[in-house]
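# Survey of secondary and tertiary structure
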Amino acid sequence: MAVIPVALAGRAYDVVIEEGLMARLSDAAAPYLKGYGTARPVPFVADTNTHRLYAAGVDANLAAQGMTAQWFVVAPGEDAKTWGVLEKLTDWLLALGVTRKDHVFALGGGVVGDLVGFACAITKRGCGFVQLPTTLLAQVDSSVGGKTAINTAAGKNLIGAFHQPSLVLIDPLVLATLPEREMRAGYAEVLKYGLLGDAAFFGWLEANGDKVLAREPGALEHAIATSIAMKAQIVAEDERETEDRRALLNLGHTFGHALEAETGFSDRLLHGEAVALGMVLAARYSARRGEISAADAERAAGAIGASGLPSRLSALGLDCNGAALVDHMRHDKKAEGTTLPFLLLRGLGEACVARDVDLADIAAFLDGELAA
Ligand code: GLY
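Presented here is a report on the structure given in the accompanying data block. (Residues numbered from 1 in each chain as written. Predicted model: local features only at pLDDT ≥ 70, side-chain atom pairs only at ≥ 80, totals over all residues. Heavy atoms only, no water.)

## A few points about unusual backbone geometry
To keep it simple, the criterion reads: The helix and strand labels rest on DSSP assignments: H or I over at least four residues marks a helix, E over at least two residues marks a strand, and numbering proceeds from the N terminus. Type-normalised accessible area, obtained with a 1.4 Å probe on protein chains alone, sets the label of each residue: buried when under 20%, exposed when over 50%, and partly exposed for intermediate values.
Look at Arg125: it is not a glycine, yet its phi comes out positive at around 60°. Tracing the sequence through the fold places Arg125 in the loop between helix H4 (110-122) and strand S6 (128-133). Arg125 gets classed as exposed once you look at its relative accessible area, which sits at 76%. One non-glycine residue, Phe265, lies in positive phi territory at about 50°.

## Digging into the packing of aromatic side chains
Formally: Stacked, tilted and edge-to-face are the three classes applied to pairs of Phe, Tyr and Trp rings, where Trp contributes its six-membered ring and a pair requires centres within 6.5 Å; stacked means planes under 30 degrees apart, edge-to-face means over 60, and tilted covers the rest. A positively charged side chain is recorded as over a ring if its NZ (Lys) or CZ (Arg) lies within 6 Å of the ring centre. The angle to the ring normal must also be within 35 degrees.
On inspection of all chains with the given rule, the structure shows seven aromatic pairs. Every member of this aromatic cluster is reached through a ring pair, and the members are Phe255, Tyr285, Phe342 and Phe365. A cation over an aromatic ring shows up here: Lys192 above the ring of Tyr193, its NZ or CZ 5.2 Å from the ring centre.

## Some words on the site of the ligand
Test applied: Whether a residue is near a molecule or strand depends on its heavy atoms: if one lies within 4 Å, it is near. Any pair of N or O atoms that falls within 3.5 Å is considered a polar contact. Within protein, one atom must be able to donate a hydrogen and the other to accept it, and sequence-neighbouring residues count only if both atoms are side-chain atoms. Accessible surface area values rest on a Shrake-Rupley calculation with a 1.4 Å probe, where residue burial reflects the displayed protein chains alone. Polar here means any residue outside two lists: the nonpolar Ala, Val, Leu, Ile, Met, Phe, Trp, Tyr, Cys and Pro, and the charged Asp, Glu, Lys and Arg; Gly therefore counts as polar.
Around the ligand, the neighbouring residues are Asp141, Lys147, Lys231, Glu241, Arg246 and Leu249. A distance of 3.0 Å is found between a nitrogen atom of the ligand and a side-chain nitrogen or oxygen belonging to Asp141. Between the ligand and Arg246 there is a distance of 2.7 Å, counted from an oxygen atom to a side-chain nitrogen or oxygen. Protein burial of the ligand: of its 200 Å² of free accessible surface, 89% is covered by the chains. Residue classes in the shell around the ligand are distributed as one nonpolar, no polar and five charged.

## Concerning the sheet that holds S6
Hydrogen bonding along the main chain pairs the strands of a sheet, whether they run parallel or antiparallel. Heads up, the rule is: Any two strands between which DSSP finds at least two bridges are classified as paired. Geometry is summarised by axes, namely lines fitted to C-alpha atoms with helices restricted to the contacting stretch, and by angles between N-to-C directions that run from 0 to 180 degrees.
Read from one edge of the open sheet, seven strands run S1-S2-S9-S6-S5-S3-S4, paired in mixed fashion. A strand with exactly one partner marks an edge of an open sheet, and here the two such strands are strand S1 (2-6) and strand S4 (69-74). Each adjacent strand pair in this sheet contributes to an overall mean axis angle of 20°, direction not counted. In terms of strand pairing, strand S5 (residues 103-108) meets S6 through six bridges, oriented parallel. Paired with His103 across the bridge in S6 is Gly128.

Written as structure tokens, this is what we have:
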């Protein structure tokens, strides 16, 4: 078991990692269930998959404590992060009589967490929520740190709020049913922590990544806890990403976002896969600028490829050039006028923000990678 505090003044909360938490939810989340009972059901939001897998267990667990759950179930995938679903969800919360002191439970991956977090940020000007992340990606990244959002026609996550959860409960056992491809996509974010700020952890992942991906309990819990400890520290230092500290968590995301846009934000390239390839590109571009050696860039690419994640841009078979990918980057929400901060590597385990990157040079670099 690990308990990792997120030390935000006035809004501090814990991330608890322990096998079996889902089975003893009413105990683990007891302070956030106060005020609920049979006459006042606990609001739970899930997608059809997590509802099918866990609703019966949650219902039974709450019933043993004299409580019932009321479920709001969304379709799986990004389509749930829309104004339409947000409106239905907030109407549902208001109809349930949710107050600012209440907590809503988000049971699912990043989509459910982002949607519920944003709904709770704006319902009654802010009610509480508890994150119960069920994917590796949500466990090590999106459930912690308070970024909440929906998507609009203009892009992903452009409408949202910083709204911190009151508790994050991570049960590694729920990953047993996660498809291999999604497990690997989440693992990309684990590798990200090693690459951006912890060389020893990166080395540990090179040696033990196969155990993490095989969901061996000790290795998995260590990987999740180490990742969250770094994220918690960074979020505590720069909650709103104003000081180039939280921005480090975007390693691989600028290149990755362009690849997601080019592939239509579709199953052709999952977010974590795009981040993986984005980190390879960030490492190779860092080597091109002389920030790291070519050998280190290839070591980063090797760790990513060895875990079954995409590590060669040319292998994606994109029908575009570097300029088209750069064009997608110009619409990135991190864009600052005509420039864009890039997350580069100064070493394996040391990321930095570069604001002097010439987008024409990025396009030329990407042309080379597309042809390699
Ligand atoms: N996923 C990046 C962040 O939470 O800042």
